[in-house]
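Listed here are the chains, written in short residue letters.
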Amino acid sequence: MSTAVADVQTLSATQLDELCINTVRTLSIDAVQQAKSGHPGTPMALAPLVYTIWNRVLRFDPQNPIWPNRDRFVLSNGHASMLLWSALHLTGTQAVNSSYETLGQPSVSLDDIRRFRQLDSKAPGHPEYHWVSGVETTTGPLGQGVATSVGMAIAEKWLAHHFNRPGFEIFDYNIYAVCGDGCLMEGVSSEAASLAGHLGLDNLCWIYDNNHITIEGSTRLAFTEDVETRFLAYGWNVLRVGNANDIERIEHALDTFKQTKGRPTFIVLDSHIGYGSPHRQDTSAAHGEPLGEDEVRLTKRSYGWPEDAKFLVPEGVYEHFTEGIGARGAEARHKWTQLFEAYRAQYPDLALEVELMQRRELPAGWDRNLPVFPADPKGIAGRDASGKTLNVLAQNIPWFLGGSADLGPSNKTTLTYSGAGDFQADDRGGKNLHFGIREFAMAAIVNGMSLSKLRPFGATFFIFSDYARPGIRLSAIMELPTLFVFTHDAMGDGEDGPTHQPIEHLASLRAIPGLITLRPGDANEVVEAYRYIVQLHNQPALLALSRQPLPTLDRTRYAPASGVAKGAYVLADCPGGNPEVIIIASGSEVSLAVEAHEKLLSEGIRSRVVSMPSWEIFEHQSRAYRDSVLPPNVKARVAVEQASTFGWERYVGASGQVVGMNTFGASAPLKELQRKFGFEPDHVIAAAKEQLANSR
Ligand SMILES: Cc1ncc(C[n+]2csc(CCOP(=O)(O)OP(=O)(O)O)c2C)c(N)n1
Ligand SMILES: [Mg+2]
């Protein structure tokens, strides 16, 4: 019997389940067919899983998809996005705007699904946080979704420890992440799974779509390891459901997850990609192309679905979701809201914290006791100034926390104040995270923590930003206020040699849209950089900090470091302020520029030094301001930065000069490297004079 056309009243509970599942399948098939692009096979296979999680298990209120204690659902195999669009649509999940208000309109309408993968549709190719309400994280780059889910699980544990009180389980949610072969082949999922096992994150459940198929064909081509044993070795509880259509078994496995304490759960789900398609099932052809009109009909016939119906949501389907997740979610949220009101009465300060966090606001006094560094020619390293600042911020902002990928003592990111603690299985309140030597997972985990409204930071050497880069990129796409603290920003660790000396990193990270890069020039610029970063709501930021001491500039003589908030500012100028040559510098080269400048001034040359810690912030300023810092008529310009020269033409112009790097570095003491590569006052002075001569 065709369940789609039957009178809904006559359907058994099982038939109703099947009707909903086949609705997800056929919506996915139709959307891909209409778009002439997309991935139908996995939604066809995983519709029962997604149905079970959403309609039977997830504590999620479609009326308020940002309720803080909701369970999180992550679709790490983001190419199967039609699963998510179907779930959000059929549950009637509401859209929320950037002011956290529900808009009284669906997050994903049937029309959006009809316009799958088209411009402005709320059903884009892959799940996009920020663009579609109810999407918990952007996915598509395989492996990152599951890695991000580990950050969400860490966050939940921290939040529960920090906020829960006897009788007040304010945070007790779970995280469900679905992934495929691709996610598990990617190294980042191994990094993250290893850490999740170590940390005993029993609020985390990954469901692995074990379909033996990837794009090139069978997993026999390249993926024959024993995945289950691998996860057992990581310390996970491993379960198996041998039939992806058996929703009772799926529910049972999810139930077992909820009972499991002390370790995360990994459910292997054996499935058939393209389930129900007579000619495509179990083939890689089902992965990433439309079935074709004929096959669509045959497939619908196999489901007992009307063959000509398109985008059909049969009577009874919306209602069934309303009775399932709708009722369960509303009740859970209602109970929580009541609990939270009682909590507010008893713990007003904590309740206020919860609310501030949700809107990404800062607590009063967040900037008290920020250090001010006195002028000092010997100075202090960027990383040391950073460590002092981080320790103040972490005390002022309870939910500001983070750690390093095993370089804490070098990055100076360890929070050392009394009570800071280490986040571990036996201390969920610790504010020092130990990511281990797993930079990519660290970045994804930082994203997951930020998605959970914490203010996390992750740290490593700047050179290894390459290892974290895909996570940083997703941070920027998702517009998350994450923070990456990268030290050893140039050739400061000279003897380590070219493998440890960043060259192209600044240029390449400056190219990521929305990411704020900051390379402060002295200790007070470090503090001001933090002051700026902490106030960001929707942009990730990256600090490139020196390993070696930098002179702390005398701010009674030079402009105040608060200029950092403008990205670039006139640090030192000629009397009268009408320069004939401008030296632009960042980081460790700022004091070098000042030294050159003083010499030029003493020779009667009207020079100006612009400290430019951040291109991106500078670009946000008005043209009038930018022109006041870099007057267009002054063509004689020199940029000094111990990094790739790539891109500096933007500020020095076609005729300007860049004292930078065009090769890799070398292994030698810093002083020798500075001489070899021209980072000395005489070289900068010569460049400035050459510029002047050419411009006259
Ligand atoms: C990091 C990354 N590499 C490559 C791709 C391109 N890609 C998308 S899906 C896919 C195959 C994934 O296979 P699997 O996870 O088994 O998904 P299934 O076909 O079973 O749904 C590939 C290679 C990607 N999205 N992300
Ligand atoms: Mg697969």
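Since we're looking at a predicted model, the values are computed, not measured.

Q: Even after reading the chapter, I still don't get helix 17 (residues 465-478), so can you show me in this structure?
A: Taking 1.5 Å per residue as the helical rise, helix 17 with its 14 residues ought to reach 20 Å, and the 18 Å between its terminal C-alpha atoms agrees with that figure. At Gly471, helix 17 shows its maximal kink, close to 35°. Of the residues making up helix 17, those classed as buried are Ser465, Ala468, Gly471, Ile472, Leu474, Ser475, Ala476 and Met478.

Q: I would appreciate a short explanation of the packing of helix 2 (residues 41-57) against helix 12 (residues 317-346) in the present structure.
A: Two quantities define a packed helix pair, namely the angle between the axes and the distance from one axis to the other. At a minimum axis distance of 7 Å, the contact between helix 2 and helix 12 shows a crossing angle of 60°. In terms of their interaxial angle, helix 2 and helix 12 are classed as oblique. Residues Tyr51, Ile53, Trp54, Asn55, Arg56 and Val57 of helix 2 pack against His320, Phe321, Gly324, Ile325 and Arg328 of helix 12.

Q: Before we go on, may I ask you to explain helix 1 (residues 13-35) in this structure?
A: One turn of an α-helix holds 3.6 residues; hence residues three or four places apart share an orientation. The end-to-end C-alpha distance of helix 1, which contains 23 residues, comes to 33 Å, matching closely the 33 Å that a straight helix rising 1.5 Å per residue would cover. Lys36 occupies a position one or two residues after helix 1 and carries a positive phi of about 55°.

Q: Help me out: how do you make sense of the coordination of the magnesium ion (ligand 2) in this one?
A: Any two of four tetrahedral donors ideally make an angle of 109.5 degrees at the metal, while pairs among six octahedral donors ideally make 90 or 180 degrees. Here the magnesium ion (ligand 2) is held by the protein donor atoms Asp181 (OD), Asn211 (OD1) and Ile213 (O), which lie 2.1 Å from it. Donor residues for the magnesium ion (ligand 2) sit on one chain with the sequence pattern D-x29-N-x1-I. Summarising the burial analysis for this pair, Asn211 and Ile213 share the class buried.

Q: Whenever I open this one, the state of the cysteines confuses me. Can you help?
A: Disulfides are covalent bonds that connect the sulfur atoms of two cysteines. Scanning the model with the defined rule gives 0 disulfides in all. Left without a disulfide partner, Cys179 is nearest to the cysteine sulfur of Cys183, which lies 5.4 Å away. Just so you know, Cys205 is unpaired, no disulfide at all, and the nearest cysteine sulfur is the one on Cys179, 9.8 Å from it. Residue classification places Cys205 among the buried residues on the basis of a relative accessible area of 0%.

Q: Where do I start with the sheet that holds strand 9 (residues 265-270) in this structure?
A: Sheet strands associate in pairs through backbone hydrogen bonding, adopting either a parallel or an antiparallel arrangement. What the 5 strands build is an open sheet, ordered 1-4-5-9-8; its pairing is parallel. Sheet topology places strand 1 (72-75) and strand 8 (237-241) at the edges, where each strand pairs with a single neighbour. Neighbouring strand axes in the sheet, compared pairwise and without regard to direction, differ in orientation by 20° on average. Looking at chain direction, strand 1 and strand 4 (residues 175-179) are connected through 4 bridges and run parallel. Its bridge partner lying in strand 4, Val74 is registered against Ala177. Relative to the sheet, helix 8 (residues 227-234) contacts strand 5 (204-210), strand 8 and strand 9, its axis offset from that of strand 8 by approximately 155°.

Analysis parameters
Residues numbered from 1 in each chain as written. Chains lettered and ligands numbered in written order. Predicted model: local features only at pLDDT ≥ 70, side-chain atom pairs only at ≥ 80, totals over all residues. Heavy atoms only, no water. Helix = DSSP H or I, 4+ residues; strand = E, 2+ residues; numbered from the N terminus. Expected span 1.5 Å × (residues − 1). Bend = angle between axes of the 7 residues up to and from the residue. Buried < 20%, exposed > 50% of the residue type's maximum accessible area, 1.4 Å probe, protein only. Axes fitted to C-alpha atoms, helices over the stretch in contact; angles between N-to-C directions. Parallel < 35°, antiparallel > 145°, perpendicular 65-115°, else oblique. Contact = heavy atoms within 4.5 Å. Donors = N, O, S within 2.8 Å, 3.2 Å for Na, K, Ca; no water. Disulfide = S-S within 2.5 Å. Pairing = 2+ DSSP bridges.

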